[in-house]
Amino acid sequence: MHQEALVRGGDGVALYTDCYTGETLRGGDRYDYEHIRSSEEVFMTYRDQLSNAEIAEVVNCPENVAVTLRTINQSKGKMRMENWLANPCNVLNYNINETLTKNALVNADKGIQKKVKEIMSRR
């Protein structure tokens, strides 16, 4: 992910798009890699079907990992994004693009389901 961002930046500085705001983030900005669906949420959903190593694969599927401002990531914590978005102050204070965020959630969910099916098919 970082290597691709360096290529996008074109000048040796990583270039990302915040998955919740759509804002451009450059190397040096205060951003975090973000699990759109938290590892805890994925673990609780699949703990009876998958091993811990398999859950780690699911959590880290490309569709579930993105970049967002550190302030957003810290505010959200382990909370489900839908619950965090339900507070209008979060949307306003962090300049959240709700359409972009909902698309990121749908994409993450599809990626997670695809990864789970892939893991199950290996058995």
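That block above? That's the structure.
Residues numbered from 1 in each chain as written. Predicted model: local features only at pLDDT ≥ 70, side-chain atom pairs only at ≥ 80, totals over all residues. Heavy atoms only, no water.

Novice: Explain the overall build of the chain to me, please; I cannot follow it from the model alone.
Specialist: When you go through the chain residue by residue, the secondary structure sums to 7 helices and 4 strands. Rg of the C-alpha trace for the chain: 15 Å, near the compact-globule value of 14 Å for 123 residues, within the 12% margin. For the chain, buried positions account for 38% of its 123 residues. Taking the intrachain contacts of the chain between residues at least 6 apart in sequence as the baseline, contacts between residues at least 24 apart amount to 64%. (Helix = DSSP H or I, 4+ residues; strand = E, 2+ residues; numbered from the N terminus. Rg over C-alpha atoms; globule rule 2.2 N^0.38 Å. Buried < 20%, exposed > 50% of the residue type's maximum accessible area, 1.4 Å probe, protein only. Contact = heavy atoms within 4.5 Å.)

Novice: What am I meant to see in the nonpolar core here?
Specialist: Most often, soluble globular proteins have nonpolar side chains that are buried together. Counting residues in each nonpolar core, the largest one holds 13 residues, and the members touching the most others are Y20, I36, I72, M81, W84, L85 and I96. Apart from residues lying up to four places away in sequence, W84 is in contact with I72, S75, K76, M79, N90, Y94 and I96. V42, I55, V59 and I119 belong to the second-largest nonpolar core, a separate cluster that totals 10 residues. (Core = buried A, V, L, I, M, F, W, Y, C linked by side-chain atoms within 4.5 Å.)

Novice: Explanation requested: the packing of helix α2 (residues 39-46) against helix α3 (residues 52-59) in the structure shown.
Specialist: Helix-helix packing is characterised by the crossing angle of the two axes and by the distance between the axes. The interhelical angle for the contact between α2 and α3, taken along N-to-C directions, is 130 degrees, at an axis separation of 10 Å. Our classification of the angle between α2 and α3 gives oblique. Like other packed secondary-structure pairs, α2 and α3 cross with a definite hand, here right-handed. Side by side, α2 and α3 meet where S39, V42, F43 and Y46 of the first sit next to N52, I55, V58 and V59 of the second. Looking at the contact of α2 with α3 residue by residue, the classes come out as 6 nonpolar, 2 polar and no charged. (Axes fitted to C-alpha atoms, helices over the stretch in contact; angles between N-to-C directions. Parallel < 35°, antiparallel > 145°, perpendicular 65-115°, else oblique. Left-handed = near helix turned anticlockwise from the far one by under 90°. Nonpolar A, V, L, I, M, F, W, Y, C, P; charged D, E, K, R; others polar.)

Novice: Explain α2 here, please?
Specialist: Because each turn of an α-helix spans 3.6 residues, side chains separated by three or four positions end up pointing in the same direction. Of the positions making up α2, those classed as buried are E41, V42 and Y46. Relative to the axis of α2, the buried residues are bounded by an arc of 110 degrees and lie together on one face. Looking at the buried residues of α2, the elements they touch are α3 and α7 (98-121). (Arc of directions from axis to C-beta.)

Novice: Is there a simple way to explain the environment of E98 in this structure?
Specialist: With respect to the element layout, E98 can be found in helix α7. Judged by relative accessible area, E98 falls into the partly exposed class, the value being 37%. Residues E98 and T21 lie 77 residues apart in sequence; the distance between their C-alpha atoms is 8.1 Å.

Novice: Would you mind showing me how to read unusual backbone geometry here?
Specialist: Peptide bonds are trans in most cases, and residues, glycine excluded, mostly fall at negative phi. Although it is not a glycine, N95 sits at a positive phi angle of roughly 55 degrees. Inspection of the secondary structure puts N95 in the loop between α6 (88-93) and α7.

Novice: Before we go on, may I ask you to explain α7 in this structure?
Specialist: Compared with the 34 Å implied by 1.5 Å per residue over 24 residues, the 35 Å span of α7 between its first and last C-alpha is a close match. Along α7, the residues that are buried comprise T101, A104, L105, A108, G111, I112, K115, V116 and I119. The N-cap residue of α7 is N97: its side-chain oxygen and the backbone nitrogen of T99 are 3.1 Å apart. (Expected span 1.5 Å × (residues − 1). Polar contact = N/O pair within 3.5 Å; in protein donor to acceptor, adjacent residues only side chain to side chain.)

Novice: Which parts of the structure should I look at to understand the pattern of salt bridges?
Specialist: Under the defined criterion, the tally for this structure stands at 12 salt bridges. Among the ionic pairs, R70 bridges to D32, the shortest N-O distance being 2.7 Å. Taken together, the positions of R70 in helix α4 (residues 70-76) and D32 in strand β3 (residues 31-35) put the pair 38 residues apart, joining distant regions of the chain. E54 serves as the salt-bridge partner of R123, at 2.5 Å between the closest nitrogen and oxygen. (Salt bridge = Lys/Arg side-chain N within 4 Å of Asp/Glu carboxyl O.)

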